[in-house]
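# Tertiary structure, described
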Amino acid sequence: DGVFSLGRSFNTLQHYYILNLTEAMSDSEELHDSQLGSKTYWEDIYKVELNNFKNNNDDIGEIWFGERTEQKMLDWMTENVKADLPILDIGTGNGHMLQLLAEEGFTNLTGIDYAESSVALATAINSEYPDISFQCRNILTENFTENTYHVCIDKGTYDAISLSETSAADRQTYKQQVHSLVEREGVFLLASVNWTPDELTNFFSDFFLVSRLLPCKRFYLRGRIRPGRVPRCVPAT
């Protein structure tokens, strides 16, 4: 698993780091749709997790892709990102990634999710962290022109979008939206278990250049062991 970086040209390409945790799941360009690609599924999941948290404050729910992946992202950010720069967590879930960043001294943290129950859960869990704000917003349907961010984090959202019934169009929209959200010298930090580094690089190549590939643990998925790699994204110069 190598680590590499590339530059970008202004106005179009941005850099990104990819955290790729698997080999390819499918030989086709589009993955088969799944309930994981539906809003109803995530609303129901986070309703259960919110209820569990209310009954037991130690139960914060699922940490998607595991704590090692979060630590990999955290280590890179503490070494490369100033603590006061704006950071956006796309598809924040329970907001645990932002909690870790807040504990490391980051002060400008925003999490968005299209599931209202996710935002309710993340807000409840992170009520003692004033530097984190959560918003119920849909990356695919809303206009995000009011703010840009130095770092945009995706730890599973692109994968979920890839499993929707309209994934072909949704993935294109997602790519364009993220490109508009990452500031000119910013970074897109992406973790995926559904796509290989080559597939991610090819798909995002019209807006992003891979800046670095970060090694990750292996994941078991659909009965196969998949060697992990982590790619990241940053605006090109």
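It should be noted that the structure appears before, not after, this text.
Residues numbered from 1 in each chain as written. Predicted model: local features only at pLDDT ≥ 70, side-chain atom pairs only at ≥ 80, totals over all residues. Heavy atoms only, no water.

This paragraph deals with the packing of aromatic side chains. What describes a pair of aromatic rings is the distance from one ring centre to the other and the angle between the planes of the rings. Summed over the entire model, instances satisfying the criterion amount to 11 aromatic pairs. Put simply, the rings of Tyr158, Tyr174, Phe188, Trp195, Phe203, Phe204 and Phe208 pair up and form one aromatic cluster. Sitting over the ring of Phe203, Arg171 keeps its end group 4.5 Å from the ring centre. (Phe/Tyr/Trp six-rings, centres within 6.5 Å; stacked < 30°, edge-to-face > 60°. Lys NZ or Arg CZ within 6 Å of the ring centre and 35° of its normal.)

Here we come to the pattern of salt bridges. Scanning all chains against the criterion turns up 4 salt bridges. One salt bridge in this structure joins Glu70 and Lys155, with 3.5 Å as the shortest N-O distance. You can see Glu70 sitting in helix 2 (residues 66-80) and its partner Lys155 sitting in strand 5 (residues 149-155), a full 85 residues away along the chain. You can call Glu70 buried: its relative accessible area is 2%. Its relative accessible area of 13% is what places Lys155 among the buried residues. Between Glu146 and Arg137 there is a salt bridge, and its shortest N-O distance comes to 2.4 Å. Overall, the relative accessible area of 44% leaves Glu146 in the partly exposed class. (Salt bridge = Lys/Arg side-chain N within 4 Å of Asp/Glu carboxyl O. Helix = DSSP H or I, 4+ residues; strand = E, 2+ residues; numbered from the N terminus. Buried < 20%, exposed > 50% of the residue type's maximum accessible area, 1.4 Å probe, protein only.)

Among the surface-exposed residues, Asp75, Glu79, Glu103 and Glu104 lie close enough to one another that they form a single negatively charged patch. Along the chain, Asp75 falls in helix 2. (Patch = residues over 30% accessible without salt bridge, like charges linked within 9 Å, V, L, I, M, F, W, Y side chains within 5 Å. Areas by Shrake-Rupley, 256 points an atom, 1.4 Å probe, with all protein chains shown as cover. Lys, Arg positive; Asp, Glu negative; His and termini not counted. Charge placed at Lys NZ, Arg CZ, Asp CG, Glu CD.)

On to the side chain of Thr92. When you line up the elements, Thr92 lands in the loop between strand 2 (87-90) and helix 3 (96-103). Exposure remark for Thr92: the relative accessible area of 6% places this residue in the buried category. Non-local contacts of Thr92, meaning those with residues more than four positions away in its chain, are made with Leu98, Gly111, Ile112, Asp113, Ser118 and Phe134. (Contact = heavy atoms within 4.5 Å.)

What follows covers the environment of Leu181. Relative to the helices and strands, Leu181 resides in helix 6 (residues 167-181). With a relative accessible area of 0%, Leu181 lands in the buried category. Between the alpha carbons of Leu181 and Ile139 there is a distance of 10.0 Å; along the sequence they are 42 residues apart. For Leu181, the residues in contact, after removing those within four places along its chain, are Leu88, Ile139, Phe144, Asn147, Thr148, Tyr149 and Cys152.

A few words on the nonpolar core. Of all hydrophobic cores here, the largest spans 24 residues; its most connected members are Met77, Ile87, Leu101, Phe106, Leu109, Val151 and Ile153. Elements supplying a minimum of two residues to this core: helix 2, helix 3, helix 4 (116-125), strand 4 (132-136), strand 5 and strand 6 (182-192). Examining the composition of this core, we find that 5 residues originate from one element, helix 3, more than from any other. In contact with Ile87, other than residues within four places in its own chain, are Met77, Leu101, Phe106, Asn108, Leu109, Thr110, Tyr149, Val151 and Ile153. Phe144, Tyr174, Trp195 and Leu200 belong to the second-largest nonpolar core, a separate cluster that totals 21 residues. (Core = buried A, V, L, I, M, F, W, Y, C linked by side-chain atoms within 4.5 Å.)

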